[in-house]
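If you want the building blocks of each chain, they are given just below.
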Amino acid sequence: MTADPVARRDTDAAGEGPALSRAPSTATAPIQRQVFTRGRARFGDLLPAEWIKLWSLRSTAPALIGVVALSLYLAHADPVRATFDGTVWLLPMLGAGALGAQSIVGEHASGLIRTTLVAVPDRGRVVLAKAAVVAAVAAVFGLVIACGDLAVVSSRATGFAAVPSLAASAVLTLACALVGLALGTLIRNLAATSFGICVVLGFLPLFLKPDQNRWATDVANALPYYAWGRLTGAGHASATTTASVAWGTLAAWMAASIVLTLTTLNRRDV
Amino acid sequence: MPCPHSGRVIEVNELTKRFRSVTAVDGLTFTVQPGRVTGFLGPNGSGKSTTLRLILGLNAPTSGTATVAGHRFRDVGTGLRHVGALLDAGDVHRGRSARAHLAALARSNGISRNRVQEVLEEVGLAGVARRRVGGFSLGMRQRLGIAAALLGDPPVLIFDEPINGLDPEGIRWARDLFRRLAGEGRTVFVSSHLMSEMEHTADHLIVLGGGRLLADESLATFAARAPKRAARAQQVADPGALEAAFMNLTADSVEFRAGDAR
């Protein structure tokens with residue numbers, strides 16, 4: 001959206017030129033006052049808007065802090081004391097998915113989506129801004145838990161050796177948030193979306209494992225959970241795939257989620 | 001096209017919207033001009049809200065076009081600068097405060113923070129700005145919706161049933177606001193099912209029935225449609241006459257919908 005013909009026309013109307021004359025009953029002063037901080041809004045304005053929306057809900061911060069605390073407690077209580085406990089990590093995965101889902105389901109459930117799209121009619125920009133904010137928060141959320149895991153279980157490799165694991169954990173929660181956003185956009189109902197997230201992110205990796213038959217192994221390797229396991233050595237770490245394939249898997253989930261969100265919202269009557 | 005007011009004209013052309021087997025809007029054509037309040041009337045389910053959603057790009061038309069200032073609204077980058085709209089007072093997240101709701105909207109369009117306070121004061125919600133919208137009455141939510149519509153100081157304003165839930169003082173305030181906005185040269189398009197309300201607010205009427213255009217004329221012309229018995233005095237100010245004209249007209253539309261040619 002580089003060209004904004006309406007904006008140009010209005011700028012003309014506010015300046016000189018014949019467009020200034022309007023309804024005979026009114027004065028010739030421009031009717032629009034200076035309420036805009038700049039000529040026209042940019043994509044950069046949408047990010048802080050989504051940021052305000054996320055944190056102005058009272059439940060956001062306590063929920064995220066609660067999941068961090070519970071994850072770290074469970075990692076601490078784990079007798080094996082593996083740095084990244086696979087099953088415990090399902091918790092931040094589902095939490096990140098819920099974060100992504102809430103950002104769009106909340107708008108659909110309340111009808112706010114209509115108010116949002118009247119303010120910003122270009123739906124692609126709204127989706128990208130929402131995805132960017134949710135992804136950033138989810139990545140920090142995953143990184144905090146991963147760092148906490150390392151601190152709690154200090155026996156394992158720390159320092160530079162831990163960097164790929166930390167990065168993979170941050171990318172995992174980021175991808176889960178985008179999956180939640182996509183499912184939320186598609187389903188629009190909070191209960192059904194939560195169920196969908198639990199199935200896709202939680203139930204599938206418990207049901208399909210990479211050491212079963214060929215078909216199950218291939219599907220399992222394509223799940224975010226096992227891609228992350230391959231990169232961190234957590235859970236049922238798969239020996240049947242490489243690190244680069246695992247990174248590619250996470251990237252594919254992120255890309256597919258954004259494409260699904262964009263196409264769904266663009267086609268739909270709200 | 002290069003009309004001096006084209007920056008604020010709403011144009012609807014052969015607009016049709018079908019939801020599966022139901023035709024909500026059927027070949028609608030009209031324009032809404034600036035500098036006056038245009039009332040959008042019709043019984044429940046006549047397609048008013050659908051038409052407004054089509055104009056605002058929230059729904060995609062089955063056929064036909066709806067434009068604001070000559071452009072499809074979906075193609076506009078920053079909406080609040082061009083159109084302010086209150087479609088449904090419930091279109092707000094109940095968990096947010098009034099201020100946070102407006103702050104997010106303002107930020108998304110690059111509107112200054114001061115403006116949020118300004119519109120909160122204008123609609124009389126400054127005192128409760130920190131309270132969550134979930135605790136607001138319908139009237140307070142209507143005021144919040146009007147505040148959101150005013151944020152960008154837009155040349156075109158659309159209000160869907162804005163009077164519902166407002167107290168008598170609020171109704172008078174809203175009426176004066178719409179008239180003032182139109183007096184400033186803006187396009188003001190207000191839907192209602194209350195003929196009596198339109199009588200005090202609108203200069204021009206667009207009447208829908210069964211998704212079709214029944215009337216597009218000035219308030220005075222519309223009043224002249226009143227059945228003889230009700231329009232004894234032929235005065236625009238006689239609410240009974242207007243009400244009767246409205247009932248008469250929309251009753252006809254039901255008849256025509258049954259398959260009779262006009």
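Remember, it's a predicted structure, so these values are computed and weren't measured experimentally. (Residues numbered from 1 in each chain as written. Chains lettered and ligands numbered in written order. Predicted model: local features only at pLDDT ≥ 70, side-chain atom pairs only at ≥ 80, totals over all residues.)

1. Side note on the overall build of chain A
If you tally the helices and strands in chain A, you get 11 helices and 0 strands. Tracing chain A from N to C terminus, the helices and strands come up as α-α-α-α-α-α-α-α-α-α-α. The buried share of chain A, reckoned over its 270 residues, is 44%. Looking at chain A alone, contacts between residues at least 24 apart form 71% of all its contacts between residues at least 6 apart. (Helix = DSSP H or I, 4+ residues; strand = E, 2+ residues; numbered from the N terminus. Buried ≥ 20, exposed ≤ 12 C-beta atoms within 10 Å, placed from the backbone. Contact = placed C-beta atoms within 7 Å.)

2. Brief notes about the environment of T232(A)
Residue and element names in this part refer to chain A. Inspection of the secondary structure assignment puts T232 in helix α10 (residues 224-232). Residue class for T232 comes out buried when judged on the 25 C-beta atoms lying within 10 Å of it. With near-sequence residues (within four places) excluded, T232 lies in contact with F84, S165, A168 and S169.

3. Details of the sheet that holds strand β3 (residues 37-41) of chain B
Residues and elements named next belong to chain B. Ordered in space as β5-β6-β7-β3-β8-β9, the 6 strands form an open sheet in which the pairing is mixed. Every interior strand has two partners, whereas the edge strands, β5 (83-86) and β9 (212-218), have only one. Sheet twist, expressed as the mean angle between neighbouring strand axes with direction ignored, is 15 degrees. Where β5 and strand β6 (residues 156-160) come together, 4 bridges link them in parallel fashion. Following the sheet pairing, G84 is matched in β6 by L157. Lying over the sheet, helix α4 (residues 138-150) contacts β5 and β6, oriented at roughly 170 degrees with respect to β5. (Pairing = 2+ DSSP bridges. Axes fitted to C-alpha atoms, helices over the stretch in contact; angles between N-to-C directions.)

4. Overview of α4(B)
Here α4(B) spans 18 Å end to end across 13 residues, near enough to the 18 Å set by a 1.5 Å rise per residue. With 11 of 13 residues buried, α4(B) lies mostly within the body of the structure. Buried positions along α4(B) lie against α5 (112-119) of chain A together with β5, α2 (98-108), α3 (113-123) and β6 of chain B. (Expected span 1.5 Å × (residues − 1).)

5. Focus: unusual backbone geometry
Residues and elements named next belong to chain B. Of note, the phi angle at A69 is positive, near 55 degrees, even though the residue is not glycine. Turning to its location among the elements, A69 is positioned in the loop between β4 (63-68) and β5. Its identity as a non-glycine residue notwithstanding, E161 has a phi of 50 degrees, on the positive side.

6. A few points about the sheet that holds strand β1 (residues 10-19) of chain B
Residues and elements named next belong to chain B. Taken in spatial order, the 3 strands line up as β2-β1-β4 in an open sheet, and their pairing is antiparallel. Edge strands, defined here as strands with exactly one partner in the open sheet, are β2 (22-32) and β4. Taken pair by pair, the neighbouring strands of this sheet meet at an average axis angle of 20 degrees, ignoring direction. Bridge analysis of β1 against β2 gives 7 bridges, and the strand direction is antiparallel. Across the sheet, the residue bridging to V12 is F30, located in β2.

7. Observations concerning the pairing of β6(B)
Residue and element names in this part refer to chain B. Here β6 lies mainly inside the structure; 5 of its 5 residues are buried. Bridge analysis of β6 against strand β7 (residues 187-192) gives 5 bridges, and the strand direction is parallel. Looking across to β7, one finds that L157 is bridged to V188.

8. A few points about the packing of helix α3 (residues 60-77) of chain A against helix α6 (residues 123-152) of chain A
Residue and element names in this part refer to chain A. Closest axis-to-axis distance for the α3/α6 pair is 10 Å, and the angle between their directions is 25 degrees. Between α3 and α6, the angle is such that the two are roughly parallel. Judged by the sense of rotation from one axis to the other, the crossing of α3 with α6 is right-handed. Contacts between α3 and α6 pair L64, V68, S71, L72, A75 and H76 from the former with F141, V144, I145, G148, D149 and V152 from the latter. (Parallel < 35°, antiparallel > 145°, perpendicular 65-115°, else oblique. Left-handed = near helix turned anticlockwise from the far one by under 90°.)

9. Quick look at the nonpolar core
Core analysis: the largest hydrophobic core is formed by 144 residues, its most contacted members being A138(A), L102(B) and A147(B). Those residues in contact with A138(A) that sit more than four places away from it in its chain are A96(A), L99(A), G100(A), T173(A), L174(A), C176(A) and A177(A). (Core = buried A, V, L, I, M, F, W, Y, C linked by C-beta atoms within 7 Å.)

10. Remarks on the confidence of the model for chain A
All names here are of chain A. Of the residues in chain A, 78% have a pLDDT of 70 or more, and the chain-wide mean is 83. Here helix α1 (residues 5-14) is the element of chain A with the lowest mean pLDDT, 39, and α5 is the one with the highest, 97. With pLDDT under 50 throughout, residues 1-30 is counted as low confidence; its partners more than four residues away or in other chains account for 45 contacts. (pLDDT = per-residue confidence, 0-100.)

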